[in-house]
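Architecture at a glance
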Amino acid sequence: MLDQPWIGVTWDRFAAIKRQMLAEPVRLCPERALLLGRFRRRGGRGDLPPVLARAQAFAYLMRHKPPRIHDHELIVGAVGSFRRSVLVHPEFDALTRAQCLARGGDGRQAPLPLALADRLGVLAGQCGRRTARGRDLPPAQALWFDEADGGRFLPDFASFLRLGVDGLLASISGREGPFFEAARLVGQALTAHATRLAEEAERLARSSHEARAAELRQIARVCRKTPARPAETFHEALQALWLCYMGLELESPGLVSSLGRVDQYLYPYYVADLIAGRINAAQARELLLCLMAKAAEVTRWRPSHDEAPRPQAMAVVLGGDDGAGGDGANELSRLIVEAATLAGLGSASLQIRLHAGSSPRFLRWALETTWQGGLSVSLACDEAVIASLTERGCGAADAAGYVPDARGGVAVPGVSFVWPGAACFNLPLCLELALNQGRCFGSKRRLGLATPPPAGMGGLGQVLDAFGRQMDFLLGRVVEGLRAARHGRRRWWAAPLASLLSDGCRQRGLDLAGGGARCDHGAIQGVGLADTADSLAALQTVVFENRQTSLSQLTAEMAAGFSKNFKLLGAILAAPKLGGGHPLPTAMARRVSGLFHECLSRRGQGEDAFWPGMNSGEGGRALGLRTGALPNGRLAGQPLTPGLSPAGEGGRSPLVALRAAMAVDNRALGDGGVVDIVLDLARGGGDDELEMLCRLAREHCLGGGMGLRLLAPPAPSRARS
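To keep things clear, this report deals only with the structure shown in the data block. (Residues numbered from 1 in each chain as written. Predicted model: local features only at pLDDT ≥ 70, side-chain atom pairs only at ≥ 80, totals over all residues. Heavy atoms only, no water.)

**Focus: the overall build of the protein**
- When you go through the protein residue by residue, the secondary structure sums to 28 helices and 17 strands.
- The proportion of buried residues among the 721 residues of the protein is 60%.
- Taking the intrachain contacts of the protein between residues at least 6 apart in sequence as the baseline, contacts between residues at least 24 apart amount to 79%. (Helix = DSSP H or I, 4+ residues; strand = E, 2+ residues; numbered from the N terminus. Buried < 20%, exposed > 50% of the residue type's maximum accessible area, 1.4 Å probe, protein only. Contact = heavy atoms within 4.5 Å.)

**Brief notes about the packing of aromatic side chains**
- Here the structure, examined in full by the defined rule, presents eight aromatic pairs.
- Where F179 meets F180, the ring centres are 5.3 Å apart and the plane angle is 75 degrees; that geometry is what we call edge-to-face. Accessibility classification places F179 together with F180 in one group, the buried group.
- Here F425 and F596 contribute two aromatic rings whose centre-to-centre distance is 6.2 Å and whose plane-to-plane angle is 15 degrees, an arrangement assigned as stacked. Of this pair, F425 sits in strand β13 (residues 423-426) while F596 sits in helix α24 (residues 583-601), and the two are 171 residues apart along the sequence. For the pair formed by F425 and F596, the shared burial category is buried.
- Through successive ring pairs, a cluster of aromatic residues spans F234, Y267 and Y270. (Phe/Tyr/Trp six-rings, centres within 6.5 Å; stacked < 30°, edge-to-face > 60°.)

**Thoughts on the environment of V76**
- Mapped onto the elements, V76 comes out in the loop between α3 (50-64) and β2 (85-87).
- Put simply, V76 and L243 are 167 residues apart on the chain and 8.1 Å apart in space, counted from C-alpha to C-alpha.
- Leaving out residues up to four positions away in the same chain, V76 has contacts with I69, L197, I219, C223, Q239, W242, L243 and K294.

**Here we look at the side chain of S347**
- Topologically, S347 is positioned in the loop between α13 (331-343) and β8 (348-354).
- Polar contacts involving the side chain of S347 include one to the main-chain carbonyl oxygen of M292, which spans 2.9 Å. (Polar contact = N/O pair within 3.5 Å; in protein donor to acceptor, adjacent residues only side chain to side chain.)

**Description of the nonpolar core**
- Membership of the largest hydrophobic core comes to 215 residues, with the highest contact counts inside it found for F234, L266, F425, V463, M471 and L539.
- A total of 13 residues in this core trace back to one element, the largest contributor, which is helix α7 (residues 178-205). (Core = buried A, V, L, I, M, F, W, Y, C linked by side-chain atoms within 4.5 Å.)

**Quick look at the pairing of strand β7 (residues 314-319)**
- Extensive coverage of β7 is indicated by the burial of six of its six residues.
- Pairing geometry for β7 and β8, over six bridges, is parallel. Note on β8: the bridge partner recorded for V316 is L350.
- Of the crossover connections in this fold, the one passing from β7 over α13 to the parallel β8 is right-handed. (Pairing = 2+ DSSP bridges. Right-handed = clockwise from strand over helix to strand, strands pointing away.)

**Comments concerning the pairing of strand β9 (residues 377-381)**
- Burial runs high along β9: five of the five residues are buried.
- Burial of the side chains of β9 extends over both faces: V377, L379 and C381 are buried on one face and S378 and A380 on the other.
- In this sheet, β9 lies alongside β8 in parallel orientation, the contact comprising five bridges. What sits directly across from Q351, in β9, is S378.
- Note on the crossover from β8 through helix α14 (residues 360-372) to β9: the handedness is right-handed.
- Inspection of the sheet shows β9 paired to strand β17 (residues 707-711) by four bridges, in the antiparallel sense. The residue of β17 that forms the bridge with L379 is L708.

**Focus: the side chain of R54**
- For R54, the position within the fold is in helix α3.
- Of note is the side chain of R54, whose polar atom sits 2.9 Å from the backbone oxygen of E251.

**Focus on the state of the cysteines**
- Taken as a whole, this structure holds zero disulfides when the rule is applied.
- Counting only cysteine sulfurs, C381 is the nearest neighbor of C701, a cysteine outside any disulfide, at a range of 4.0 Å. (Disulfide = S-S within 2.5 Å.)

**Structural notes on unusual backbone geometry**
- In this structure, P227 follows T226 across a cis peptide bond, with omega equal to 10 degrees.
- Position of P227 among the secondary structure elements: in the loop between α8 (210-225) and α9 (234-251).
- A cis amide bond links W419 with the next residue in sequence, P420, at an omega value of 0 degrees.
- Secondary-structure assignment places P420 in the loop between β12 (416-418) and β13.
- For Q437, which is not glycine, the phi dihedral falls at a positive 55 degrees.
- If you trace the backbone, Q437 turns up in the loop between α17 (427-434) and α18 (460-489).
- Backbone geometry places F562, a non-glycine residue, at a positive phi of 55 degrees.
- Looking at the element boundaries, F562 is found in the loop between α22 (551-559) and α23 (566-573).
- Note on F562: relative accessible area 2%, which makes it buried.

By themselves, these are just geometric observations and shouldn't be taken as functional.
Structure representation (structure tokens):
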């Protein structure tokens, strides 16, 4: 029935969906935890291989989870039992979440509603469960690490839509073993839930008015076909895509945070519908809005990190090289940008791939449109990222299909698995230890190596030597701890559904956690690069060149937080800063980045390798709280600079920020390097500033940069414009 015409509606569908969503509070959803607890009590075996045990639990969950279809929506299937749900994952964050459940909230934030019976049920189900918390992790001052981090993986969604679950299972037909049995279980469970959604749609159609009943019958037809069989229409592709994403989120929270290059693999379905007259651009945009509303139902809350609940930002990648040197941006790319801007739910994170053949008009239009909607946009530079991936052993075809993920790293769909997904290393801490004989200020316990005291350092070379030794020592502890945590996870963690969507896992018969991915490695993000480079430049300028103070006196002032010597603080703040055009901090940034890369390169190859990156600002706040004052004038407890971004207000100037980003060899950053820029068109530049930013972004791309993150300013700033 592919020739069935589209059934339209006369009211503003998305506005009604959005009103319903925002009218309900964010709630803790115990459904997943309660169902998995019931499965374990009713015979869930603990002696099975992890991949098979997890597959049986997932199958039970999908067969007993109620099928939910909300009013007006065209894309159906709900992750939680509420319109905005924070799922409870007892196997990942049992301790911190259980403490909050016991109190009904965090204490520092507004409590999330949850019935007492549900709280008790979840807590009872958590007893004796292991979590992802590694006992051997390095000290918290050196590493920010999310204990619930399941890693980073991007499924090959294009193949999933083209083959369907039946096609994927046919590719492993006749093969035996725990992995293949688990793959069949999770694939059948996903299609079984789609069938139950179809039955629910047919039930609702019997009591709905004529227009809605016709829509529900269409939804039932789509769910009976996909994701089991290949999608043939735009609606079928979006519905199959959402059910796959929903299943992955229920299986392993946060493992998949991107839909990949949607404008490339969805475009053939969109064009086929246009030609057949089944859809027009407005109806396609409406379907995209329904998809973004579904994504907004997935809400993240990490009470252990003192965060308020927020929607899970689902990354959507647009543009890039089309494989023939042309621009991949198309009509669907524009519809996706418009839908993300109109939605205003924070559920989409736009990522645009730039290359030499990118359309300047599309880039300018996309930045202006998203700025008006208050969205942040990330730009990834094809040439630099692809060169970095191929240098690390990725095939040319795989590297060309890379996807920048929501955390700023890079992934190859269906090929790469990265664990941990967001481990952030404290670069300035290495300098603090170097200036205080391996101790943090105010502590008697030696955290690092016993390097010489400040009085024994006669020049910047000796400071850099101590800094390098401290970094090498701390990174050694970090890698050793993360490696132990990873091997510990393999005894209980598995992701059979995600593994079914990895061609390497299907070929090798191994789960992602067991090394099935063709490109399997870790990643560590350096945080505070600009703080470190500026600090080293200040030491050279203020201490060793101008001799305005001694290194011992400066260290004592740092320990005291610059509480008295404001003249010295002024001299430090006047020292050259990264991005300001002075060669000294640029050289220091290159030196620090090079040391970071060298230290990690010495610590394993292949699966045991940890790729360096400088793109994350996630850990800057937490690590800053554990870091003392620095020689660049940053006070104790202040956040550290993210990624390749300069310190202070320099991040608001595109030119200063891009100078800072180009101070390092971007190709050495296998997991990406991103600089943050505030896209504020209300500062007086308007069209001229937008034009300048587009030009600078292209120059950054062609000059070897890896990426930019354009942050939206606060709403009042946009309103003034």
